[in-house]
Amino acid sequence: MKVLISADMEGTCGVVSWVHVMPPEYGDGGEPTNQTEYERARARMTAEVNAAVEGAYAGGADEVIVNDSHDGMRNLLPDELDRRVRFVSGNDKPLGMVQGVDLDGVGCLFYTGYHAKAGTPAAPLAHTWSGWLNDVRLDGVSTGEFGINAAVAGAYGVPVVFVCGDDKAVAQTQGMLGAQVVGVAVKEGISTFAALHLHPARARELIRDGAERAVRDASAATPWTLPAGCRVELDFDHQARADQAAFVPGVERVGERTIAWEAADGKAFGRTFRAVMKAASIRMSP
Ligand SMILES: [Zn+2]
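Right, let's walk through the structure included here. Here the structure is a predicted model, which is why all the values come from computation and not from measurement. (Residues numbered from 1 in each chain as written. Predicted model: local features only at pLDDT ≥ 70, side-chain atom pairs only at ≥ 80, totals over all residues.)

**A short note on the overall build of the protein chain**
Then step 1. Of the regular secondary structure elements, the protein chain holds seven helices and 12 strands.
Then step 2. For 286 residues, the compact-globule formula gives about 19 Å, and the C-alpha radius of gyration of the protein chain, at 18 Å, lands near that figure.
Then step 3. The C-alpha extent of the protein chain, read off along each of the three principal axes, is 50 × 40 × 30 Å.
Then step 4. Counting over 286 residues, the protein chain shows a buried share of 50%. (Helix = DSSP H or I, 4+ residues; strand = E, 2+ residues; numbered from the N terminus. Rg over C-alpha atoms; globule rule 2.2 N^0.38 Å. Buried ≥ 20, exposed ≤ 12 C-beta atoms within 10 Å, placed from the backbone.)

Right, dumping it as structure tokens:
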């Protein structure tokens, strides 16, 4: 079985600030960044991915492919990765955070470094895709990146079997996708910008062991598929974003800051989601 790892960054042990996960070029926009803090966090992100890779091979994986899934998707340190992997880096990718899920033989999906959905209390760096997307609902059920990506992967027949990140991210992922997802909480969220962490070395031990179990049991896991004709609703932080997103064919404006559409399946959902997010990504003071 081939394993795909969708590697995000905010849920990494030791990470609690945007400074940890923002590459320094973001400083151009006026946001505070810190090269040293970012470099340390990306090394720890890479080490957690390696722990998951080691566990996956111990559990019987034939191949592990890693998809860098954070921000510009150039965070993993290639030379530090386990030499058995192939990896995807860079943006834009048609399948975004699950690029590679369409490759022949991919049988299960891991989430590493995952975070909770927008609005979650006591969850470090909780958000959904962007700081300006307030909520995503699938047939009325609020979800985050764990749900968006599960729906796309499910359309390719690939189930999620492992998640590591903060405790709320793990609980939300398992709450939506079920107990087939092995969860490893590397930190307990205290607030949006604080957490009680395990020691990073202990976190990696637990990730390795959890990943091994996840692959051993993966053949019994079922993909999460979007109900046919699923009603998708997105709430933005500002009406100007909804103005733009509603130009996407098939999408309607249903509220002051809310758009909606009907998705035929997970693949169609993923494409329209990317289109509306691009359309809504505007300067707020043109
Ligand atoms: Zn991220």
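**Details of the pairing of strand β1 (residues 2-7)**
Then step 1. Among the six residues in β1, five count as buried, and that is most of the element.
Then step 2. Two elements, β1 and strand β4 (residues 106-114), share six bridges in a ladder whose sense is parallel. Looking at β4, one finds that Val3 is bridged to Cys108.
Then step 3. Judged from the six bridges that link them, β1 and strand β2 (residues 63-68) form a sheet pairing that is parallel. (Pairing = 2+ DSSP bridges.)

**Brief notes about the sheet that holds β1**
Then step 1. The sheet built from seven strands is open, its strands ordered β3-β2-β1-β4-β7-β8-β9 with mixed pairing. At either margin of the open sheet sits one strand with a lone partner, and together these are β3 (86-88) and β9 (194-197). Within the sheet, the average angular offset between the axes of one strand and its neighbour, ignoring direction, is 25 degrees.
Then step 2. With four bridges joining them, strand β8 (residues 182-191) and β9 adopt antiparallel strand pairing. Looking at β9, one finds that Lys187 is bridged to His197.
Then step 3. Helix α3 (residues 145-155) rests against β1, β4 and β7 (160-166) of the sheet, and its axis sits at about 165 degrees to β4. (Axes fitted to C-alpha atoms, helices over the stretch in contact; angles between N-to-C directions. Contact = placed C-beta atoms within 7 Å.)

**Examining the packing of α3 against helix α7 (residues 266-280)**
Then step 1. Two elements in contact, α3 and α7, have axes separated by 7 Å at closest approach and are oriented at 135 degrees. One element, α3, and the other, α7, form an angle in the oblique class. As for how α3 packs across α7, the hand of that crossing is left-handed. Residues Ile148, Ala151, Val152, Gly154 and Ala155 of α3 form the contact with α7, whose own contacting residues are Gly266, Lys267, Phe269, Gly270 and Phe273. (Parallel < 35°, antiparallel > 145°, perpendicular 65-115°, else oblique. Left-handed = near helix turned anticlockwise from the far one by under 90°.)

**Looking at the packing of helix α2 (residues 35-58) against helix α5 (residues 200-216)**
Then step 1. Where α2 meets α5, the axes come as close as 7 Å, and the angle between the chain directions of the two elements is 35 degrees. For the crossing formed where α2 meets α5, the hand is right-handed. Every residue of α5 that contacts α2 at Arg44, Ala47, Glu48, Ala51, Ala52, Glu54, Gly55, Ala56 and Ala58 is listed here: Pro200, Ala203, Arg204, Ile207, Arg208, Asp209, Gly210, Ala211, Glu212 and Val215.
Then step 2. A breakdown of the residues in the contact of α2 with α5 according to their chemical character gives 10 nonpolar, two polar and seven charged. (Nonpolar A, V, L, I, M, F, W, Y, C, P; charged D, E, K, R; others polar.)

**A closer look at the sheet that holds strand β11 (residues 252-253)**
Then step 1. Spatially, five strands are ordered β6-β5-β10-β12-β11 in an open sheet, and the strand pairing comes out antiparallel. If you trace the sheet from one side to the other, it starts and ends with β6 (141-143) and β11, each paired once.
Then step 2. Sheet topology places strand β5 (residues 133-138) next to strand β10 (residues 230-236); five bridges connect them, and they run antiparallel. Paired with Leu133 across the two strands is Phe236, which belongs to β10.

**Considering the environment of Gly55**
Then step 1. Assignment of secondary structure puts Gly55 in helix α2.
Then step 2. Distance from Gly55 to Met45, taken between C-alpha atoms, is 16 Å for residues 10 residues apart in sequence.
Then step 3. Each residue touching Gly55, except ones within four places of it in the same chain, is listed here: Ile207, Arg208, Asp209, Gly210, Ala211 and Glu212.

**Focus: the environment of Asp68**
Then step 1. With respect to the helices and strands, the residue Asp68 is situated in strand β2.
Then step 2. The class for Asp68 is buried, based on 28 C-beta atoms found within 10 Å.
Then step 3. Leaving out residues up to four positions away in the same chain, Asp68 has contacts with Ala7, Met73, Arg74, Asn75, Leu76, Phe87, Val88 and Ser89.

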